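Overview (structure and organization)
The chain contents come next:
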Amino acid sequence: MGQPKSMTTKQAKDYLDSHDVSDYNLVDVRQDWEYEEFHLPGAKLIPLPELADRLKEIPGDKPTLVYCAAGVRSASAASIMSGQAMEEVYNILGGAMAWQDEYAVGPTELGMTYFSGNETLLEIVTVAYAMERNLEAFFTQMASSSKQSEIADTFQQLARFELDHKATLFKIAKNLDPSLKEEEELGKRAGIDAVEGGMTAESLMEDNQDYLQTAQGVVEMAMMIEAQALDLYMRYADKADNEEAVKLLHQLGEEEKNHLKVLGRLMDRKIVSGNSDD
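Residues numbered from 1 in each chain as written. Predicted model: local features only at pLDDT ≥ 70, side-chain atom pairs only at ≥ 80, totals over all residues. Heavy atoms only, no water.

**Details of the pairing of strand E4 (residues 64-67)**
Applicable threshold: For each residue, the accessible area found with a 1.4 Å probe, counting protein chains only, is set against the maximum for its type, and the residue is called buried under 20%, exposed over 50%, and partly exposed in between. In this description a helix means any DSSP run of H or I spanning at least four residues, a strand means any run of E spanning at least two, and both kinds are numbered starting from the N terminus. Two strands are said to pair when DSSP picks up at least two bridges between them. With strands facing away from the observer, any crossover in which the path from the first strand over the helix to the second runs clockwise is taken as right-handed.
The two faces of E4 match: Thr64 and Val66 on one face and Leu65 and Tyr67 on the other face are all buried. Judged from the three bridges that link them, E4 and strand E5 (residues 89-92) form a sheet pairing that is parallel. Paired with threonine 64 across the strands is valine 89, a residue of E5. In terms of handedness, the path from E4 via helix H4 (residues 72-82) over to E5 forms a crossover that is right-handed.

**Overview of helix H9 (residues 215-239)**
Under the convention used in this document: Here a helix's expected span is defined as the number of its residues, less one, multiplied by 1.5 Å.
Between its terminal C-alpha atoms H9 stretches 37 Å, which fits the 36 Å expected from 25 residues at 1.5 Å a residue. Most of H9 sits out of view: 21 of its 25 residues are buried.

**A closer look at the environment of glutamine 156**
Mapping glutamine 156 onto the fold places it in helix H6 (residues 149-176). The class of glutamine 156 is partly exposed, set by a relative accessible area of 37%. The sequence separation of glutamine 156 and threonine 140 amounts to 16 residues, and the corresponding C-alpha distance is 6.2 Å.

**Some thoughts on the packing of aromatic side chains**
The condition that has to hold: Between 30 and 60 degrees the pair is tilted, below 30 it is stacked and above 60 it is edge-to-face, where a pair is any two Phe, Tyr or Trp rings, Trp via its six-membered ring, whose centres lie within 6.5 Å.
Per the stated rule, a full pass over the model turns up six aromatic pairs. Considering the side-chain rings of tyrosine 15 and tyrosine 90, the 6.4 Å spacing of their centres and the 40° angle between planes classify their relative orientation as tilted. Of this pair, tyrosine 15 sits in helix H1 (residues 9-18) while tyrosine 90 is found in strand E5, placing the two residues 75 residues apart along the sequence. According to the relative accessible area criterion, tyrosine 90 is buried, its value standing at 12%. On the numbers, 4.4 Å between centres and 20° between planes, the contact of phenylalanine 115 with tyrosine 236 is stacked. Placement of the pair is phenylalanine 115 in the loop between E5 and helix H5 (121-145) and tyrosine 236 in helix H9, with a sequence separation of 121 residues. As far as the burial class goes, phenylalanine 115 and tyrosine 236 line up, both buried.

**Considering empty space enclosed by the protein**
This is how the line gets drawn: A cavity, in this analysis, means grid points on a 1 Å lattice covering only the protein atoms where a 1.4 Å probe fits yet has no way out; a pocket is instead an open set bounded by protein on both sides within 12 Å along at least five of seven lines, and a residue lines either one if it has an atom within 4 Å of a point. Grid points are joined across faces, edges and corners, and a volume is the space filled by probe spheres set on the points.
Scanning the entire structure with this criterion turns up one cavity of 30 Å³ or more. Size it by volume and the largest cavity reaches roughly 180 Å³. What lines the largest cavity is a set of 14 residues, among which Leu16, Asp17, Pro41, Glu102 and Leu230 lie closest to the centre. Counting residues per element, the ones that place at least two in the lining of the largest cavity are H1 and helix H10 (243-276).

**A few points about the nonpolar core**
As a rule of thumb, soluble globular proteins bury nonpolar side chains together. Using the following cut-off: We define the nonpolar core as a collection of buried residues of types Ala, Val, Leu, Ile, Met, Phe, Trp, Tyr and Cys that are connected through side-chain atoms lying within 4.5 Å of one another. Any two residues having at least one pair of non-hydrogen atoms within 4.5 Å are treated as being in contact.
Counting 75 residues, the largest nonpolar core has Leu26, Leu65, Phe139, Phe155 and Leu158 as the members making the most contacts within it. Those elements giving two or more residues to this core turn out to be H1, E4, E5, H5, H6, H9 and H10. In terms of residue count, H9 provides more of this core than any other element does, 14 residues in total. In contact with leucine 65, other than residues within four places in its own chain, are Met7, Ala12, Tyr15, Leu16, Tyr24, Asn25, Leu26, Val27, Tyr90 and Ile92. Counting 13 residues, the second largest nonpolar core, distinct from the first, contains Cys68, Ala77, Ala78 and Val89.

Any functional reading would require information beyond the geometric quantities listed.
What follows is the structure in structure tokens.
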């Protein structure tokens, strides 16, 4: 029987950043309402009172990182997991309360209305492409309507990120369906109004007014959107039965992780730029 180990939140963040999303389990043992307030992207919710009955839902052949609010419940959960022959289990010290950024919000079903569970690989890519297209349109619209040049420039840069991601998704789609000739064809196939992560542009406007006032805030909002997208793909991967679909969803999740890293660097530049003006 193995013994659980511990990670600080920084060590956990470094671990998640440096490993493929398919290489580990991430388990949240808080209650549903806590998870809905915010959670780490891709975390599987198994409240501690249900853990003993649901251990089979956690693959035992890869490392498992577990967290709660402050690290107390997760310490107990890690002990339970280790006692069931799960050799590599890590308790994240400080839990969700110590996590500073890149978290997701909403219930476990958020965004899942766009996935029935029976999609083909091409249908998954098509939905993802539509979300990227809608987000690019949102960023472009915000850039054109922003009166401050720095905010407009930031939105334009974010729109370019989505253009690149759309190109990646179109390449994947074309490999799956060689008859596709133009990106517009792919865009017409999914008639949804959601952006990445399953939210709508209207909800973004309503929920993020404070973030839209500064260039740094705009980047923070974009990081939230990418975290939501990573969360959606990982939650869907956890439900998908098709091994190829799971692999594709993990690939899309990795794309979102890379976007988060790029946005992190952009955030650093915005903070430095902001400080230099003081």
